[in-house]
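# Close look at the chain arrangement
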Amino acid sequence: MEQQNYTVSIIGASGYSGAELTGLLVKHPAITLESIYAHTQAGKHFSELYPAIACNRVFESYSGQADSDIYFLALPHGEALRLVPGLLSAGKKVVDLSGDFRLRSVDEHLKFYGGAKAPEAVLQYGMPELYRDAIAGSSAISNPGCYATSIILGLAPLFTGAAGMVPVESVNVTAVSGISGAGRSSRTELSFSEMSGNMRAYKVGMHQHTPEIVQALGTSATDPSFRFVFTPMIAPYVRGIYSVLNVQLAAPVPKDSIGSLYGDFYADAPFVRLREGITEVRHVAHTNYCDISIAWQGDRSLVIVTAIDNLVKGAAGQAVQNMNLMLGIDETTGLL
């Protein structure tokens with residue numbers, strides 16, 4: 001049977017995630033990239049900004065058009081709140097890459113994202129390894145954050161793999177992102193002269209991905225069921241997130257059972273790889289993989305190391321993976 005072809009548009013295609021998404025979609029066999037929107041770059045050819053990506057489209061200014069079958073939104077936080085309801089009313093499929101629709105708690109949304117408005121409804125959270133069936137039956141997806149992806153995938157088997165098997169007492173995370181994670185910005189502190197040979201922590205204790213992470217693990221940032229500390233850092237490389245998760249267990253657990261738990265949990269996950277040795281950022285750069293390494297430190301303590309490409313598995317690649325599931329095609333299509 002011949003595969004149906006869908007039309008797709010991107011709102012916010014000029015940023016790093018939007019450009020990565022454009023590069024994936026122009027080569028995707030099941031879709032036709034129809035329009036790319038970027039208000040401040042309207043009228044410019046895509047190749048003026050990203051000559052390495054073969055796209056012959058010109059940026060347009062979005063003013064409410066709803067001609068395509070599927071819309072990706074790669075916009076600053078707050079902007080999707082205005083646009084998504086209209087697209088859904090028009091019967092379109094939507095994948096939103098911002099954090100506007102991720103959190104169930106209005107209070108946590110306002111606290112961690114700021115502003116005076118929170119979404120009236122939460123979209124289906126788009127992490128295929130946890131919610132594959134629900135994604136397949138949805139018309140609108142909230143794509144996970146990049147840090148959240150690397151941390152949730154590293155911890156999920158402990159919390160959702162076998163209920164009650166692994167009693168977690170605390171998790172202490174140090175995660176390092178490449179500079180592209182901050183977006184296509186001209187801020188002085190992200191310039192080459194400021195970041196070369198440098199590394200620094202930021203948003204310690206108040207990063208917007210914190211409530212998203214603990215929500216996916218079955219608790220909340222307001223009243224967590226385990227101690228969770230998250231220290232995000234930025235380093236002078238372009239792409240990649242490297243997360244080191246120090247997990248303290250409330251009771252002894254055999255080492256072999258942890259390995260089996262992770263192996264079983266991710267047995268059908270095409271983009272999660274369990275590595276014997278300690279993974280590195282370069283192992284996953286420019287791919288949609290999340291690599292996970294587990295180092296044992298006794299019967300109540302373990303260190304889990306994860307690596308992803310923040311622009312692919314942490315953003316555009318996972319968005320395409322979600323689209324594939326929504327369309328009922330193989331989730332790896334256009335990503336291998």
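Above this text you will find the structure in question.
Structural notes, computed from the coordinates.

Calculation criteria
Residues numbered from 1 in each chain as written. Predicted model: local features only at pLDDT ≥ 70, side-chain atom pairs only at ≥ 80, totals over all residues. Heavy atoms only, no water. Phe/Tyr/Trp six-rings, centres within 6.5 Å; stacked < 30°, edge-to-face > 60°. Helix = DSSP H or I, 4+ residues; strand = E, 2+ residues; numbered from the N terminus. Buried < 20%, exposed > 50% of the residue type's maximum accessible area, 1.4 Å probe, protein only. Lys NZ or Arg CZ within 6 Å of the ring centre and 35° of its normal. Axes fitted to C-alpha atoms, helices over the stretch in contact; angles between N-to-C directions. Left-handed = near helix turned anticlockwise from the far one by under 90°. Contact = heavy atoms within 4.5 Å. Nonpolar A, V, L, I, M, F, W, Y, C, P; charged D, E, K, R; others polar. Salt bridge = Lys/Arg side-chain N within 4 Å of Asp/Glu carboxyl O.

### Let's talk about the packing of aromatic side chains
Within the structure shown, the criterion is met by 10 aromatic pairs. With a centroid separation of 5.0 Å and an interplanar angle of 75°, the aromatic rings of Y37 and Y62 are classed as edge-to-face. Placement of Y37 in strand β2 (residues 31-37) and of Y62 in the loop between β3 (59-60) and β4 (70-73) is noted, with a sequence separation of 25 residues between them. In this pair, the class of Y37 matches that of Y62, namely buried. Aromatic ring contacts, followed pair by pair, group Y147, F159, F226, F228 and F230 into a single cluster. The ring of Y289 carries R273 above its face, with NZ or CZ at 4.0 Å from the centroid.

### Quick look at the packing of helix α5 (residues 128-136) against helix α10 (residues 312-327)
Geometry of a packed helix pair, given as the angle between the helix axes and the separation of the axes. One can describe the packing of α5 onto α10 by two numbers: an axis separation of 9 Å at closest approach and a directional angle of 35°. When the axes of α5 and α10 are compared, the crossing they make is right-handed. Contact residues: P128, E129, R132, I135 and A136 in α5; K313, Q318, Q321, N322, L325 and M326 in α10. Split by residue class, the contact of α5 with α10 holds 5 nonpolar, 3 polar and 3 charged.

### Notes on the pattern of salt bridges
As enumerated under the stated definition, the model contains 10 salt bridges in all. Among the ionic pairs, R239 bridges to E20, the shortest N-O distance being 3.0 Å. Within this pair, whereas R239 is found in the loop between β10 (227-234) and β11 (241-249), its partner E20 is found in helix α1 (residues 16-25), the two being separated by 219 residues in sequence. Taking the relative accessible area as the measure of exposure, R239 reaches 16% and is therefore buried. Taking relative accessible area as the criterion, E20 reaches 18% and is therefore assigned buried.

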